[in-house]
Amino acid sequence: MNTIVKETTTAIRATLLFAFVLCGIYPVIIWGASQLLFPHQANGSLIEGSDRKIVGSEWLGQNFTGAKYFHPRPSAAGANGYDAANSSGSNLGPTSKKFIDSVKERVSDYRTENGLAADALVPGDAVTASGSGLDPHISPKNALLQIPRVARERGLGVDYVKSEIAKATDRPSLGILGEAGVNVLKLNLALDAVTPKK
Amino acid sequence: MNTSGWIQLILFTAALLVTAKPLGLYLCKVLDVNGKTFLDPVIKPIERMTYKLTGVDPRDEHDWKRYATAMLLFSLVSMLFTYAILRLQAVLPLNPQKLAAVGEHLSFNTAASFTTNTNWQSYGGESTMSYLSQMVALTIHNFASAAVGIGIAAALVRGIARHTSQTIGNFWVDLTRVTYYLLLPLCVVFAVVLVSQGMIQNFKPYDSAALTEVVKAQVEKKNAAGETVKDAEGKPVTEEQVTDTQSIVQGPMASQVAIKMLGTNGGGYTNANAAQPFENPTPLSNFLQMFAIFLIPSALTYFLGRSVKNQGHGWAVWTAMFVLFFAGVMVAAHYEAAGNPNLTALGVDPADGNMEGKEVRFGIFNSALFATVTTDASCGAVNSMHDSFTPMGGLVPLLNIELGEVVFGGVGAGLYGMLIYVVIAVFIAGLMVGRTPEYLGKKIEPKDVKMASFVILILAFSILGFAGWASVSKMGAPDATGALTDGTNNSGPHGFSEILYAYSSATGNNGSAFAGLTANAPWYDTTLGLATLFGRFAMIVPILALAGSLARKKLIAESAGTFPVSGPLFTGLLVGTVLLVGALTFVPALVLGPVVEHFLMHAGNQF
């Protein structure tokens, strides 16, 4: 019985002490170091518009449906997609009727929007929802297929739009890790900057 | 698998191989109360102060019963601590989003899940947990449960290495030294590196971004009570909802994510876990997070070899783990790259593989690799949604968990789990040649085999028992009409897989999910919470008993009939034992879920 009492006392003291060190001092040290060394990243890699208002984060995708914009991937985050306070995938399985029906609709929409042939292959990322629902990227292949529409709507040259895509492309880390992706928000903001919205 | 996949896999393996020895040697010092490390000048005073404040005499060594008592009491107290913070969240500070108190059953589930190193999450982090809850209630267990796991593994290794000894170490010393000398320094470095990649670390409220394109959507109109408003014909009334801002999650994320990976906890700061771009911004952060999962478990095999003075044994265990890891990656990557024939039929490019639930920056290979690593270990962080994997791609994580997460495994938990299989393997080898089984100079007696078998059986009992019960019940959240549902997001065999995965993950203390299952309902929260407790403590206690039993034994001289525990023959036997025991137990359930779904998918069936 003495052992139990003694060990319980130690357990209570240890919990409080570790809470102080690991949950108080440690995160504050990391906070200090991050704000000092990498303030931009530590605060959410925010993008500011011309009037210093926040227009988004480099890492969080936003929805774009207008014809003059590059379109991101379908999103299952929140009721209307791209809700950054409710990150989520669809969690639909490969034999789900609901899933396959929605892909069918997206494939047909994608072909119509981008003027593709009825039997043209559609990029996988263009018709599937990402894991987070906030994927900032689309595949380079997906971006290429959207060029003619965006260039026409904005009255820009295809080559110019291509060069903007190249600028907004995140290459694999260290040249080998992961896949290349085109950051849709950065790309659309860059295009808006040369062809004003209205 | 393409060339880039192979190069990444080789890089990953090389990183594990290079670090196993140096970190293993460092672990030997950390897990010895008299060990000297290069961090002593900074940490020794803090360590001494900790013993003083907690009333621990570091020179005391305890038998297995005292070790187990201390471990259980610490787990109980810290679990109550977390429960209390979650229930009181609304009145505690550091809650800029004014989030409400966490409910009773969800608080129980979360407290149990984090105490047991499971980190199953029935909630979405960014919409449920205040900064204080994330940083204190949850993070304390990310450290403590990892340190406890490593301590238990060290106690078992001491039991194997010692002879005619009553004691197996001091729980408080292991807890303190692992936390201060191992986890904390690694986390400080890792967290800052993660921030450099784009992870957040701040204490400001969520930002609001003005959307470039305003989104308009028709949604069902709700009245003040949250019920759908219906017109005269009983159809729901819709209204236009305009979204012109995006709420940007903020908070102390990096400090939590560093220990989440290094401590194989896996509980995400956000709902989408390591798929959420802040929580895993670049392929480099992704690589480092996967490496962080395996880093300590891999080095622990070196610690084992060094402690029992048989480095060949340590490497044989490492190799057995690697073989199982490699096989898992191959299968998962193959089936995810092969994609979904139902989508190919619609005109989706088959070269892109199964991209549902995956992020573009990681692609197929890094999603399959992450899924294998996180379930080989008891981590449970995910960078893609396992629920949307192809049936066979999703079978890999499920089977990994059901094998007991012994492929490198959770920090400490992987090693002690694998050592249970080692005991069973030498027992089988002994039976085959008709000798009393021996392990490193110790006779393995019926009592020891009973303890090892108990550990294996509790896994099967909890997973299959609960999953069977849930499959024939309707115990999930109620639907719109108020009737109880089974809580699944998918129908047909995939729905069963969701339930089976949930109890496998909880019992295995993994924490990943086929996340379509809505588990935040009283019955699921409670049974899953209980499964995490069974899976942790009903295993650790017999393991400590085994450690105590082994420590007491006399050494016997090696003879010509002694079965060697190093080399390819032993590695093969160990891999065979893991697969045989796992396969015998779980194949029937796996056939009902992923296997049958695989064939139905190819036949074009939809549910």
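Keep in mind it's a predicted model, so treat the numbers as computed, not measured.

## Describing the interface of chain B and chain A
Link 1 in the chain: Facing the 112 residues of chain B at the interface are 103 residues of chain A.
Link 2 in the chain: Roughly 8,600 Å² is buried in total at the junction of chain B and chain A, and carbon and sulfur atoms are behind 63% of that figure.
Link 3 in the chain: Summed over the shared surface of chain B and chain A, the result is three salt bridges.
Link 4 in the chain: With a closest N to O distance of 2.7 Å, Lys141(A) and Asp352(B) form a salt bridge.
Link 5 in the chain: Our count for the chain B to chain A interface comes out at 50 residue pairs in polar contact (both at pLDDT 80 or more).
Link 6 in the chain: For the side of chain B that touches chain A, the element with the highest residue contribution is helix α7 (residues 171-197) of chain B, accounting for 13 residues.
Link 7 in the chain: Among the residues making up the side of chain B that touches chain A, the classes are represented as 55 nonpolar, 43 polar and 14 charged.

## Points about the sheet that holds strand β4 (residues 169-170) of chain A
All names here are of chain A.
Link 1 in the chain: Read across the sheet, three strands follow the order β3-β5-β4 without closing on themselves; strand pairing throughout is antiparallel. The two strands at the open ends of the sheet, each matched to only one other strand, are β3 (137-138) and β4.
Link 2 in the chain: Sitting on the sheet, helix α7 (residues 184-194) touches β3, β4 and β5 (181-183), and the angle it makes with β5 is about 50°.

## Notes on helix α5 (residues 140-154) of chain A
Residue and element names in this part refer to chain A.
Link 1 in the chain: Look at α5: 20 Å from first C-alpha to last across 15 residues, which is about the 21 Å you get at 1.5 Å a residue.
Link 2 in the chain: Of all the bends in α5, the greatest, near 40°, is centred on Gln-146, and the proline Pro-148 appears no more than four residues after it.
Link 3 in the chain: Taken residue by residue, α5 has Asn-142, Ala-143, Gln-146, Ile-147, Arg-149, Val-150, Ala-151 and Arg-154 as its buried positions.
Link 4 in the chain: Against the buried residues of α5 lie α3 (97-113), α4 (124-127), β3, α6 (158-167), β5 and α7.
Link 5 in the chain: Looking one or two places after α5, you find Gly-155, whose phi comes out positive at around 65°.

## Brief notes about the domain arrangement of chain B
Link 1 in the chain: With domains assigned, chain B is organised as domain 1 (207-248) and domain 2 (436-602).
Link 2 in the chain: Centre-to-centre separation of domain 1 of chain B and domain 2 of chain B, based on C-alpha positions: 44 Å.

About the thresholds
- Residues numbered from 1 in each chain as written.
- Chains lettered and ligands numbered in written order.
- Predicted model: local features only at pLDDT ≥ 70, side-chain atom pairs only at ≥ 80, totals over all residues.
- Heavy atoms only, no water.
- Contact = heavy atoms within 4.5 Å.
- Buried area = accessible area lost by both parts, 1.4 Å probe.
- Salt bridge = Lys/Arg side-chain N within 4 Å of Asp/Glu carboxyl O.
- Polar contact = N/O pair within 3.5 Å; in protein donor to acceptor, adjacent residues only side chain to side chain.
- Helix = DSSP H or I, 4+ residues; strand = E, 2+ residues; numbered from the N terminus.
- Nonpolar A, V, L, I, M, F, W, Y, C, P; charged D, E, K, R; others polar.
- Pairing = 2+ DSSP bridges.
- Axes fitted to C-alpha atoms, helices over the stretch in contact; angles between N-to-C directions.
- Expected span 1.5 Å × (residues − 1).
- Bend = angle between axes of the 7 residues up to and from the residue.
- Buried < 20%, exposed > 50% of the residue type's maximum accessible area, 1.4 Å probe, protein only.
- Domains from an automatic or database assignment.

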